[in-house]
Amino acid sequence: MSGGYWLTIVEGSWLTLRLALGSMALAVALGLAGAGARLSPLRPLAWLGEAYATVIRGIPDLVMILLVYFGGQDLVNRAAALVGHEDYIDIDPFAAGVATLGFIFGAYLSETFRGAFLSIPKGQVEAGFAYGMSRWQVFRRILWPETVRLSIPGIANNWLVLIKSTALVSVLGLPDMMFHAKQAGDATRQPFTYLLLAGALYLAITSVSLLALRVIEKRFSLGVREVQL
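Residues numbered from 1 in each chain as written. Predicted model: local features only at pLDDT ≥ 70, side-chain atom pairs only at ≥ 80, totals over all residues. Heavy atoms only, no water.

What follows deals with the overall build of the chain. What the chain contains, in helices and strands, is eight helices and zero strands. Across the chain, helices and strands are ordered from the amino to the carboxyl terminus as α-α-α-α-α-α-α-α. Overall, the chain is about 65 × 55 × 25 Å in size when its C-alpha atoms are taken along their principal axes. The proportion of buried residues among the 229 residues of the chain is 36%. Summed over all atoms, the accessible surface of the chain reaches about 13,600 Å², with 66% contributed by carbon and sulfur. (Helix = DSSP H or I, 4+ residues; strand = E, 2+ residues; numbered from the N terminus. Buried < 20%, exposed > 50% of the residue type's maximum accessible area, 1.4 Å probe, protein only. Areas by Shrake-Rupley, 256 points an atom, 1.4 Å probe, with all protein chains shown as cover.)

Structure, rendered in structure tokens:
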């Protein structure tokens, strides 16, 4: 195994990690917005949230990535031409990858957050209002901690799947870990060696992620006691 190739693959893992973290941050924001829309008493808003979760989860990730990158780029340039902009606008592959993965996994997390919200006893919210808390205080002190605690299994599952889905963004030419692994395998005719290295790095990222998620779960589970009957 050539030292230069494996070093570029390791460097590409940092880009993969940044891509995953950026996508997850966007997915959490969209997931909360989608869950709020689906639980809204306003019918149009609830319908919009349901449509977002249903349609996006039914489209393959690779199709969405290509649709956003190539189709979105075409729409942007068409719109720019209408306002007199003559230069070609090239969408950054990293930004397109973050936007697409965040948009996709936001739909999955909307279901996770919706289930968590519905699992919180209504009496806790009513008790918060009875103590004189404002809506923001009830959300910050009661709803949000409970939602995070109940959502951690679903968040962990989506995070692990998202990390693996970052490999699809390499089709856009983004120099991530899989992009460098494929190039190294093609150049040396040893694809198994370099893809195995990429797989080991993915496994290392997911293993560290699971340890971090356990720490977060313990942090938000403070004060929760199991009742044995």
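What follows is about the packing of helix α2 (residues 43-57) against helix α4 (residues 93-119). It is at 9 Å that the axes of α2 and α4 come closest, and there the two elements cross at 125°. By the angle between their axes, α2 is oblique relative to α4. Where α2 crosses over α4, the two elements pack in a sense that is left-handed. Note on element contacts: α4 touches α2 through Gly102, Phe103, Ile104, Gly106, Ala107, Tyr108, Ser110, Glu111 and Arg114, opposite Glu50, Tyr52, Ala53, Ile56 and Arg57. Class assignment of the residues belonging to the contact of α2 with α4 gives a composition of seven nonpolar, three polar and four charged. (Axes fitted to C-alpha atoms, helices over the stretch in contact; angles between N-to-C directions. Parallel < 35°, antiparallel > 145°, perpendicular 65-115°, else oblique. Left-handed = near helix turned anticlockwise from the far one by under 90°. Contact = heavy atoms within 4.5 Å. Nonpolar A, V, L, I, M, F, W, Y, C, P; charged D, E, K, R; others polar.)

The full count for this structure, using the stated rule, is six salt bridges. A cluster of three or more residues bridged by salt bridges with shared partners is formed by Arg38, Glu50, Glu111 and Arg114. (Salt bridge = Lys/Arg side-chain N within 4 Å of Asp/Glu carboxyl O.)

Let's shift gears to the nonpolar core. By size, the foremost hydrophobic cluster in this structure holds 42 residues, and its most contacted members are Ile9, Trp159 and Val169. Those elements giving two or more residues to this core turn out to be α1 (3-38), α2, α3 (61-82), α4, α6 (135-165), α7 (177-188) and α8 (191-220). Counting residues per element, this core draws most heavily on α4, at nine residues. (Core = buried A, V, L, I, M, F, W, Y, C linked by side-chain atoms within 4.5 Å.)

At a closest axis distance of 9 Å, the pairing of α3 and α4 adopts a crossing angle of 135°. Here α3 is positioned oblique relative to α4, judged by the angle of their axes. Considering how the two elements wind past one another, α3 and α4 form a crossing that is right-handed. For the pair formed by α3 and α4, the contact residues are Asp61, Met64, Ile65, Val68 and Tyr69 on the first element and Pro93, Ala96, Thr100, Leu101, Phe103, Ile104 and Phe105 on the second. Across the contact of α3 with α4, the residue classes break down as ten nonpolar, one polar and one charged.

Turning to α6, a few remarks are in order. The end-to-end C-alpha separation of α6 is 37 Å, well short of the 45 Å expected for 31 residues at 1.5 Å each. At serine 151, α6 shows its maximal bend, which comes to roughly 55°, and the proline proline 153 appears one to four places after that position. (Expected span 1.5 Å × (residues − 1). Bend = angle between axes of the 7 residues up to and from the residue.)

Our focus in this paragraph is a nonpolar patch on the surface. On the surface, Leu42, Leu45, Trp47 and Leu48 cluster together to form a nonpolar patch covering roughly 460 Å² of accessible area. Mapping tryptophan 47 onto the fold places it in helix α2. A relative accessible area of 61% means that tryptophan 47 is categorised as exposed. (Patch = residues over 30% accessible without salt bridge, like charges linked within 9 Å, V, L, I, M, F, W, Y side chains within 5 Å.)

Attention shifts here to unusual backbone geometry. Both trends apply: most residues other than glycine have a negative phi, and most peptide bonds are in trans. The backbone of arginine 189 shows a phi angle near 60°, a positive value even though the residue is not glycine. For arginine 189, the position within the fold is in the loop between α7 and α8.

This part is about the packing of aromatic side chains. Evaluated as defined, the whole model comprises six aromatic pairs. Measuring from ring centre to ring centre gives 5.1 Å for tyrosine 52 and phenylalanine 103, while their planes differ by 50°; the resulting arrangement is tilted. Here tyrosine 52, found in helix α2, pairs with phenylalanine 103, found in helix α4; they are 51 residues apart in sequence, far enough to count as distant. A relative accessible area of 32% places phenylalanine 103 in the partly exposed class. Relative to phenylalanine 70, the ring of tyrosine 69 has its centre 4.9 Å away and its plane inclined at 80°; by these criteria the two rings are edge-to-face. Judged by relative accessible area, tyrosine 69 falls into the buried class, the value being 9%. Look at phenylalanine 70 and you get partly exposed, because its relative accessible area is 45%. Ring pairing ties together the aromatic residues Trp136, Phe139 and Trp144, which thus form one cluster. Stacked on the ring of phenylalanine 94, the Lys or Arg arginine 18 has its end atom at 5.4 Å from the ring centre. (Phe/Tyr/Trp six-rings, centres within 6.5 Å; stacked < 30°, edge-to-face > 60°. Lys NZ or Arg CZ within 6 Å of the ring centre and 35° of its normal.)

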